[in-house]
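Structural description and commentary
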Amino acid sequence: MITARAAATFEPVARSVATARAFVRDTLQGWGYTDVVDDAVVLTSELVTNAVIHAGTAADVLCLRTEDGVRVEIADHYPEREIPLQPAALDLGSLDSENGRGLLLCAALASRWGVEYSPTRKHVWFQLDLPDRPVGVRSAGPLLPVGLLPVTDERVRVAVAQVDSEGAVAAWNDDAVYLFGYTADQVIGKQLTDFTAWPQTPGTSTGIADALRLSRWEGSYGIRGADGRTIPVYGSHLRVRDPQGEPSTVCLLVRDYERAVLQTPVRAPVSDTAESRKTDPFEIFIGSPAPDDLDGLLQRTVERARDMLDADAAFLLLATDDETELEVRATTGLPSARQRFARVPVEAGTGRYGSARMPAVHEDLDAVPGAVPLLGNTGMRSVVTVPLKVEGRLTGSLGVAAEAAGRYSNEEALRLQFAADRIALAVESARLGELERLRRGSLSFLVEASDLLAGTLDRDQTLALMAQMTVPTLATWCAVYTIADPASDPELSYVLHEDEERIDGVKSLLTRISPPEPVRTPGARVWAAPSQAAHEAALRTSMRSIGIGDAGGLGSTTRTTLATAAAVGGETVVLPLVARNRVIGMLTLGKPSDDHFRQEILELAEDLSRRAALALDNARLYSERTAISQSLQRSLLPPGLPAVPNVEVDVIYRAAGEGNEVGGDFYDVFPIRDGAYGFAIGDVCGTGPEAAAVTGLARHALRLLAREGFGGPAVLERLNAAILDEGTRSRFLTLLYGELWPQEDGSALLKVVCAGHPLPLRLRQDGSVEPAADPQPLLGVMEDLELYEQEFTLEPGDVLLCVTDGVTERREGTRMLGDDGLADVLAHCTGLTAGAVAARILRAVERFAAEPPSDDMAILTMRVPEPH
């Protein structure tokens, strides 16, 4: 009875033979049939070679599992062959012959085998029966002294998490609750990626999501616990199907130092057969198929190196471009989150043992503390390191370590060097590919950042953009300090963390420590104060919490402190924000506990800081000039409207242009003497600062001349002379000026002069509208003016409307509101207050056209209320 099946098709290329071997090996190991793996792989290799090399067609490989063994079928698609018509004796050839050797091996190794022909296909199949063995025994190891057994806690706990096809946690056992601090209710339904600290690299796609889609996977990563700390774990993943056929992944997790509980035993070395001599040495060490990304290749390398020398830990470092430093890129058996992207010098001391350019064996690190900085405080005693070189150039360093002293000799160094030589070229090729992807991604990132920063001149928005562009792309958290002037201290202006719940805690921590010293030196420098302060706060909190049974009993303040310590406890760097030869602030980037920045990220952050500094300084200058402009503009507006007895007065003013508070239109209402009030509404030719300057001149001159006792015509004639005296800065001006005397009988006497301005309109109680003055010459054009004033009385209920041409010249295509349109709107305003009349006029102007008004507008209304 067939209990499982697996099938794959391989293209007619030489590489397919190795891929088919790996497919059969992984399938049978996944089924637990390790006893027949080697025979099955040898037979598959020969038969697939016949199909893809000799027949030149694709090969179909089908594995069938039964209760007693496994059946493997290999089929090719060669259409032209002689089909046997009688059971003649089959010539199997000889071991020295290239043809027929696959069938000879089948006869020698398989329990049963056969060949089936069809007009277009040939099937060769073989059956391998499982040997008799005690029930339940899959593999066994030798007897070991007690001191060499793996170390565990008082009780081994295996966390079991089941993850559905969407990556969400579907099951979470009690050991998982104990190890990581989350209850089942807290994690079920959430993405497993929310809790994992998976080694990520910008520009690559390796991640936990990819591992969860593989049929089987083993390796190390981290789980972020409920207290914010990252817990290194060793995981074994198996992808299964439920009764409904839906795929899910079962994840078995133990503490990383207890990996022996789950780890698959190391395969026995392949015998020195003709097949093994043909195998690529790179495939022997890495396995097939090889990972197609740098992180996957490096992680596979350190795991195979550790297993090859039966080590407790392994690490791989890559050299920087100038070969002066090595950067940690992959580890196993070590706190990888803490060590990742940390840097150590290539030349750590004198002599060959202090240089990464030569192989080195350290029998006991306790005798030479600091000889291998990466292994400090890790418990490792003996270590062997070898260089990775390509064409004589140092590209990296590979090392393995053990907790016992004296574990390694020159023989192990030679074995490790042989493996390093096999993978050095592949690693360098993958590294160059990653660098190219990073450079392309960096260019796109900087172009987008420049566009965003150039799109705003608001200081607060610029600060927010700076932080949002760095988190989480470049860093886990970010803080921006600004410096108002050279004599000022740095001020914490913005804080952002990829987890919004951590922002307040990080901000609180940073406010308690002194800001970084502003230094103009370009580049990133390490700032240790945040991580030190976070660790000290966590230590004090933990000491106060001694006696609490579990994490669930911790108070909210304690949990916040510990979470902040984990969030800020990694490497922190400061980049100066320099613009126009002045330090205007600092950009601070941080990583979580024991994490480091890689050099490419710091270089990208430096490029970003230069662009951000200029954008921030431009926003500062714009804000300052806008504040000055607004202050000057507000000085040109009247301080307020006076209370006129028995007369309602209201004004609506709109200046055209963004950021303008004053334009070419102006208004004023002011007391002249007891019982007399002056009012004016005017329009200076043009808009902007030049028009606003004439506006200020006109308004202040009107007040001064009126209070000196000059009548309306004399006031305007002297204002006309003052405008002409401005010379080239002069602007012609239309102006309606008048004087108002409230009367005892409830009416109001007015005297007005309309110098080239739209005529004032008078609304009577019966709804009739008529002009209240005659047109006269405008100001600022002729020296000699003969102006006169006109007198009339506003009766109770009457309204006087004065506007600038921004109201009457409101356009929609070829249509214009005009004087007649304004009169029609005003005719429907009987009984309204002065403020309501002004608001209705403004609403009519805005609704007349879809586009916003492009000219300044001023609306001045005066109404004599009716007696109660």
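What this report covers is the structure whose coordinates are included nearby. (Residues numbered from 1 in each chain as written. Predicted model: local features only at pLDDT ≥ 70, side-chain atom pairs only at ≥ 80, totals over all residues. Heavy atoms only, no water.)

**Considerations on the sheet that holds strand E15 (residues 360-362)**
Overall, antiparallel pairing links the six strands, which are arranged E14-E13-E12-E17-E16-E15 in an open sheet. Whereas interior strands pair on both sides, the edge strands pair on one side only; in this sheet they are strand E14 (343-345) and E15. On average, each strand axis in the sheet is inclined to that of its neighbour by 25°, with strand direction left out of account. Looking at chain direction, strand E13 (residues 325-332) and E14 are connected through three bridges and run antiparallel. Bridge pairing links Glu-327 to Arg-343 in E14. Contacts between helix H9 (residues 294-308) and the sheet are confined to strand E12 (313-319), E13 and strand E17 (393-402), with E13 contributing the most and set at about 70° to the helix. (Pairing = 2+ DSSP bridges. Helix = DSSP H or I, 4+ residues; strand = E, 2+ residues; numbered from the N terminus. Axes fitted to C-alpha atoms, helices over the stretch in contact; angles between N-to-C directions. Contact = heavy atoms within 4.5 Å.)

**Re the packing of helix H11 (residues 410-454) against helix H12 (residues 459-470)**
As a packed pair, H11 and H12 sit with axes 10 Å apart at the nearest point and diverge in direction by 165°. The pairing of H11 with H12 is recorded here as roughly antiparallel in orientation. Judged by the sense of rotation from one axis to the other, the crossing of H11 with H12 is right-handed. Side by side, H11 and H12 meet where Phe-445, Ala-449, Leu-452 and Leu-453 of the first sit next to Thr-462, Leu-465, Met-466 and Met-469 of the second. Of the residues that constitute the contact of H11 with H12, the class distribution is seven nonpolar, one polar and no charged. (Parallel < 35°, antiparallel > 145°, perpendicular 65-115°, else oblique. Left-handed = near helix turned anticlockwise from the far one by under 90°. Nonpolar A, V, L, I, M, F, W, Y, C, P; charged D, E, K, R; others polar.)

**Quick word on the pattern of salt bridges**
One pass over the full model with this rule turns up 24 salt bridges. In this structure, Asp-460 engages Arg-459 in a salt bridge whose closest nitrogen and oxygen atoms are separated by 3.4 Å. Judged by relative accessible area, Arg-459 falls into the partly exposed class, the value being 30%. Taking the shortest distance from any N to any O, the salt bridge between Asp-668 and Arg-699 comes out at 3.8 Å. Placement of Asp-668 in strand E24 (residues 665-673) and of Arg-699 in helix H17 (residues 689-707) is noted, with a sequence separation of 31 residues between them. We note that Asp-668, like Arg-699, is buried. (Salt bridge = Lys/Arg side-chain N within 4 Å of Asp/Glu carboxyl O. Buried < 20%, exposed > 50% of the residue type's maximum accessible area, 1.4 Å probe, protein only.)

**Regarding the packing of aromatic side chains**
Throughout the structure, instances matching the rule amount to six aromatic pairs. Aromatic side chains Tyr-182 and Phe-195 sit 4.9 Å apart centroid to centroid with 65° between the ring planes, which places their arrangement in the edge-to-face category. With Tyr-182 in the loop between helix H4 (174-180) and helix H5 (184-187) and Phe-195 in the loop between H5 and strand E8 (196-197), the pair connects residues that are 13 residues apart, well separated along the chain. Judged by relative accessible area, Phe-195 falls into the buried class, the value being 9%. (Phe/Tyr/Trp six-rings, centres within 6.5 Å; stacked < 30°, edge-to-face > 60°.)

**Notes on unusual backbone geometry**
A cis amide bond links Val-471 with the next residue in sequence, Pro-472, at an omega value of 0°. We note that Asp-310 has phi near 50°; this positive angle belongs to a residue other than glycine. Inspection of the secondary structure puts Asp-310 in the loop between H9 and E12. Positive phi is not limited to glycine here, since Asn-581 has a value of about 65°. Residue placement: Asn-581 occurs in the loop between strand E21 (572-579) and strand E22 (582-590).

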